[in-house]
Amino acid sequence: MPLFGRKKNDEALRHTPEVAVLPEPPAPGPDGLRTLEQHRDYLLSCVEELMPFGQHVLDALGLSICEDVTSGIDLPRFDNTAMDGYAVRAADVQYATEVRPVRLPVVGEVPAGAAAPHRLSPGTAMKIMTGAPIPADADAVVPYEATDRGATDVTVHRASTAGQHIRRQGEDVAVGDLVLAAGSRIGVRDVGLLAAVGVDKVMVRPRPRVVVISTGSELVDPGLALDPEQIYDSNSYLLAAAAKDAGAQVFRVGHVGDDPAALKQLVYDQLVRADLILTTGGVSQGDYDIVKAVLPELGATDFAAVAMQPGKPQGFGLIGEDRTPIIMLPGNPVSAFVSFEAFVRPVIRKLMGLTPYVRPGLRCAAAHAMSSIRGRTQLARAVVTADETGARTVALVGGHGSHLIGDLARADALVVLPAETEFVAAGTELEVWPLDQPR
Ligand SMILES: Nc1nc2c(c(=O)[nH]1)N[C@H]1C(S)=C(S)[C@@H](COP(=O)(O)OP(=O)(O)OC[C@H]3O[C@@H](n4cnc5c(N)ncnc54)[C@H](O)[C@@H]3O)O[C@H]1N2
Ligand code: MOO
Ligand SMILES: [Mg+2]
């Protein structure tokens, strides 16, 4: 296994940092389970936003800005022309027509990037190109199409009014205007505006560095040949993709066998580059479910049963000297994915300084009757369909099994069947978490 930066240090590996203490976890209900909301809020209470740093505007796309940015300049910077043509005094051409054109001497030209001439004498015209500054005393631009395009003299055959085709200084953004408020997520158009007002760097919260590790002696990397008892490691890919989609910088380490010493060493070695570690597998009751057995040795951990399906066994911890958060997800692929949406995405968003989640989100009518497990919030794979009127209904895809990754890919949403529900009649309004949509 590669080591990243830190030396292998048996002493450090044996050491459980005294500082790593978790806040009191929520008390479970009479069934011994905590609710999805309790677990999510607990995780969010245990992690803090990452420290802001100065980032180039282009690399800040998708990140949360930590300062108000005001404009130091006017936009437009100066009065300039919207058309290629001639700068004139409007009074000189106010009666120009096809039959009675006005002829003016052309006294110069102003291409974009040239300084504006100090004045334009009455009865003269100056060639001017789109974006070029308006000469002092000119108050209109006659487009080429309203002239004979003359070089030394120009014939104007259409009237102009004062202000025509002039873009005014500061009409879009004025000096001191708020360009971007602290807490906003920087979008494509924000990058454009920041550049337009001359800002090259902004203070943002970074992309969390998320390390993804899967566990299981049955796992093999895609692309390699399988022995009969082996399967491909899909979870580390699924979770790495999900974390990337959520805005993280991802290090997919891959899989480690069900070997306690190897797992502990691997997780320890990754701490140096992680803001968050994700593992999958090994958190249930099995004899080789080693995550649960070994990771408490690296810090403070909390293993819980959450009243949800899929995704019941969940682990969380703050490990290593920096109290790095680790989320230990169940191994079943659909459980791992649903747990990501319920817990990991909100945590990544909080680290990034973004609103952790917006719920309830979309609401849709059930397309058919659905049964549900009482006492567990079910997050079932579903497809949302809109009719001609735009009314949306939600239908289930496939079964409830946590291994059905094909059904997961066929779905485009998760539908929430509340814990207190056993039966949902067709037409009932249900909360839906759309998948694969930019958020
Ligand atoms: N006696 C009990 N058994 C189980 C319980 C329980 O309450 N009592 N809970 C079940 C539930 S619910 C879940 S979810 C799983 C969670 O299992 P683990 O987190 O311990 O994960 P594993 O046992 O390692 O693997 C489960 C399953 O998923 C496959 N897997 C694991 N990793 C990957 C991967 N990277 N790519 C693809 N597939 C993976 C693994 O082969 C197993 O089939 O426990 C139940 N059992
Ligand atoms: O809770 Mo497990 O995640 O149902 O399959
Ligand atoms: Mg297991």
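The structure displayed is predicted, hence computed values, not measured ones.

1. Concerning the coordination of the magnesium ion (ligand 3)
(1) Moving on: The coordination sphere of the magnesium ion (ligand 3) contains the protein donors Asp289 (OD) and Asp289 (OD), at a distance range of 2.5 Å.
(2) Moving on: Turning to its location among the elements, aspartate 289 is positioned in the loop between β16 (276-280) and α7 (290-294).

2. Some words on the UniProt feature "domain: MoaB/Mog" (unreviewed entry) in the chain
(1) Moving on: UniProt's entry tags residues 211-350 with the feature "domain: MoaB/Mog" (unreviewed entry), counted in the numbering of this structure.
(2) Moving on: For residues 211-350, helix accounts for 32% and strand for 31%, while the C-alpha atoms at its two ends are 17 Å apart.

3. A closer look at the site of ligand 1
(1) Moving on: The environment of ligand 1 is made up of 21 residues, and the closest members are Glu218, Asp233, Ser284, Asp289 and Gly331.
(2) Moving on: Between an oxygen atom of ligand 1 and a main-chain N or O atom of asparagine 332, the distance comes to 3.3 Å.
(3) Moving on: Protein chains shield 67% of the accessible area of ligand 1, which is 870 Å² for the free molecule.
(4) Moving on: Breaking the shell around ligand 1 down by element, the ones donating at least two residues are β12 (209-215), β14 (231-232) and α8 (333-351).
(5) Moving on: Class assignment of the residues belonging to the shell around ligand 1 gives a composition of 7 nonpolar, 11 polar and 3 charged.

4. Some words on the sheet that holds strand β4 (residues 85-88)
(1) Moving on: Read from one edge of the open sheet, 5 strands run β7-β4-β6-β5-β8, paired in mixed fashion. Each having just a single partner strand, β7 (140-143) and β8 (153-156) make up the two edges of the open sheet. For this sheet, the mean angle separating the axes of adjacent strands, direction not counted, is 45 degrees.
(2) Moving on: Sheet topology note: the strand β5 (residues 102-110)/β8 ladder contains 4 bridges and is antiparallel. In the sheet register, arginine 103 faces β8, and the bridge partner there is threonine 155.

5. Observations regarding the pairing of strand β11 (residues 201-204)
(1) Moving on: Taking every second residue as pointing to the same face, the buried face of β11 carries Val202 and Val204, while none of Lys201 and Met203 on the other face is buried.
(2) Moving on: Here 4 bridges tie strand β1 (residues 53-56) to β11, and the two strands are oriented antiparallel to one another. Across the sheet, residue glutamine 55 finds its bridge partner in β11, namely valine 202.

6. A word on the domain arrangement of the chain
When the parts come together, some accessible area is lost, and that loss is often what is quoted as the size of the interface.
(1) Moving on: Here the chain is partitioned into domain 1 (36-50 + 206-352), domain 2 (53-74 + 180-205), domain 3 (80-167) and domain 4 (362-434).
(2) Moving on: If you look at the interface, domain 1 gives 8 residues, while domain 2 gives 8 residues.
(3) Moving on: Of the roughly 610 Å² buried between domain 1 and domain 2 on both sides combined, carbon and sulfur atoms contribute 49%.
(4) Moving on: By the criterion of area lost to domain 2, the three top residues of domain 1 are Pro206, Arg207 and Met352, representing 70% of everything that side buries.
(5) Moving on: The interface formed by domain 1 and domain 2 contains 0 salt bridges.
(6) Moving on: At the boundary of domain 1 and domain 2, one finds 2 residue pairs in polar contact (both at pLDDT 80 or more).

7. Some details on the site of ligand 2
(1) Moving on: All residues adjacent to ligand 2 are Gln309, Pro310, Gly311, Lys312, Pro313, Asn332, Ser335, Arg376 and Ser402.
(2) Moving on: Measuring from an oxygen atom of ligand 2, one finds a backbone N or O atom of lysine 312 at 2.7 Å.
(3) Moving on: Interatomic distance of 2.3 Å between a side-chain N/O atom of serine 402 and an oxygen atom of ligand 2.
(4) Moving on: Along the lines of polarity and charge, the residues of the shell around ligand 2 split into 2 nonpolar, 5 polar and 2 charged.

8. Brief notes about the pattern of salt bridges
Oppositely charged side chains are able to pair whenever their charged atoms sit close together.
(1) Moving on: Following the criterion strictly, the structure yields 13 salt bridges and no others.
(2) Moving on: As a salt-bridge pair, arginine 345 and glutamate 341 come within 2.9 Å of each other at their nearest N and O atoms. Taken together, the positions of arginine 345 and glutamate 341, both in helix α8 and 4 residues apart, correspond to about one turn of that helix.
(3) Moving on: Three or more residues are tied together by salt bridges with common partners; here these are Arg89, Arg119 and Asp137.

9. Thoughts on the pairing of strand β27 (residues 429-434)
(1) Moving on: Across 4 bridges, the pairing between strand β21 (residues 362-366) and β27 is antiparallel. In the strand pairing of β27, alanine 365 is matched with glutamate 429.
(2) Moving on: In this sheet, β27 lies alongside strand β25 (residues 413-417) in antiparallel orientation, the contact comprising 4 bridges. Across the sheet, leucine 414 pairs through a bridge with tryptophan 433, a residue of β27.

The rules behind each value
- Residues numbered from 1 in each chain as written.
- Chains lettered and ligands numbered in written order.
- Predicted model: local features only at pLDDT ≥ 70, side-chain atom pairs only at ≥ 80, totals over all residues.
- Heavy atoms only, no water.
- Donors = N, O, S within 2.8 Å, 3.2 Å for Na, K, Ca; no water.
- Helix = DSSP H or I, 4+ residues; strand = E, 2+ residues; numbered from the N terminus.
- UniProt positions renumbered as here; feature names shortened; annotations may be inferred.
- Near = heavy atom within 4 Å.
- Polar contact = N/O pair within 3.5 Å; in protein donor to acceptor, adjacent residues only side chain to side chain.
- Areas by Shrake-Rupley, 256 points an atom, 1.4 Å probe, with all protein chains shown as cover.
- Nonpolar A, V, L, I, M, F, W, Y, C, P; charged D, E, K, R; others polar.
- Pairing = 2+ DSSP bridges.
- Axes fitted to C-alpha atoms, helices over the stretch in contact; angles between N-to-C directions.
- Buried < 20%, exposed > 50% of the residue type's maximum accessible area, 1.4 Å probe, protein only.
- Domains from an automatic or database assignment.
- Contact = heavy atoms within 4.5 Å.
- Buried area = accessible area lost by both parts, 1.4 Å probe.
- Salt bridge = Lys/Arg side-chain N within 4 Å of Asp/Glu carboxyl O.

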